[in-house]
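Spelled out, the chains give:
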Amino acid sequence: MSKESQVTQWLKEHTNLSWTRTSGDSPAVKRDRFFINRSEGYEIRDFILQYYDECNLEHKSENYEITLKKIMEYRKGEKVKTEDLLSHLKSKLK
């Protein structure tokens with residue numbers, strides 16, 4: 001199973017995120033969004049893939065749970081720039 005499929009499957013099984021951005025096949029991973037929509041499953045998936053790739057994190061259920069919690073809690077209720085969220089999460093690894 002690809003990492004993309006693994007993250008997608010975990011998110012679909014453990015969250016109530018929206019997966020309606022597209023009909024049919026899932027969209028390709030996109031890593032150039034200025035803002036992140038934290039209610040959209042594909043955007044969360046893409047962010048997690050980028051974060052794990054850049055930080056060399058292990059893809060496993062326990063890590064996804066921790067990461068998702070951090071994503072959702074960061075500046076809760078505010079519009080968040082993708083790069084700000086990525087920088088924030090990277091700073092927590094040190």
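So, here is what we can say about the structure in this document. (Residues numbered from 1 in each chain as written. Predicted model: local features only at pLDDT ≥ 70, side-chain atom pairs only at ≥ 80, totals over all residues. Heavy atoms only, no water.)

**Quick look at the side chain of H59**
And then number 1: The topology assignment puts H59 in the loop between α2 (41-55) and α3 (61-73).
And then number 2: A polar contact of 2.7 Å, which involves the side chain of H59, links it to the side chain of Y64.
And then number 3: Ignoring any residue separated from it by four or fewer positions in sequence, one finds H59 in contact with K3, Q6, V7, L49, Y52 and Y64. (Helix = DSSP H or I, 4+ residues; strand = E, 2+ residues; numbered from the N terminus. Polar contact = N/O pair within 3.5 Å; in protein donor to acceptor, adjacent residues only side chain to side chain. Contact = heavy atoms within 4.5 Å.)

**Some details on α2**
And then number 1: Compared with an ideal rise of 1.5 Å per residue, which puts 15 residues at 21 Å, α2 spans 21 Å between its outermost C-alpha atoms and is within 8% of the ideal.
And then number 2: Most of α2 is tucked away: twelve of the 15 residues are buried.
And then number 3: When α2 is considered as a whole, its buried residues turn out to be G41, Y42, E43, I44, R45, D46, F47, I48, L49, Q50, Y51 and Y52.
And then number 4: Measuring from the backbone nitrogen of Y42 back to the side-chain oxygen at the start of α2 gives 3.2 Å, which picks out E40 as the cap.
And then number 5: Trailing α2 by a residue or two, N56 shows a phi angle of about 55 degrees, which is positive. (Expected span 1.5 Å × (residues − 1). Buried < 20%, exposed > 50% of the residue type's maximum accessible area, 1.4 Å probe, protein only.)

**Let's talk about helix α4 (residues 82-93)**
And then number 1: For α4, spanning twelve residues, the distance from its first C-alpha to its last is 17 Å, which sits close to the expected 16 Å at 1.5 Å a residue.
And then number 2: Three or more residues of α4 are buried, namely T82, L85, L86 and L89. The arc that holds every buried residue of α4, seen down its axis, measures 100 degrees, which confines them to one face. (Arc of directions from axis to C-beta.)

**Overview of the packing of aromatic side chains**
And then number 1: Under the criterion given, the structure shown has six aromatic pairs.
And then number 2: For the pair F34 and F35, a centre-to-centre distance of 4.9 Å together with 85 degrees between the ring planes defines the contact as edge-to-face.
And then number 3: Its relative accessible area of 54% is what places F34 among the exposed residues.
And then number 4: Positioned above the aromatic ring of W19 is the side chain of K12, whose terminal nitrogen or guanidinium carbon lies 5.1 Å from the ring centre.
And then number 5: A cation over a ring is seen here: K79 above F35, with NZ or CZ 4.4 Å from the ring centre. (Phe/Tyr/Trp six-rings, centres within 6.5 Å; stacked < 30°, edge-to-face > 60°. Lys NZ or Arg CZ within 6 Å of the ring centre and 35° of its normal.)

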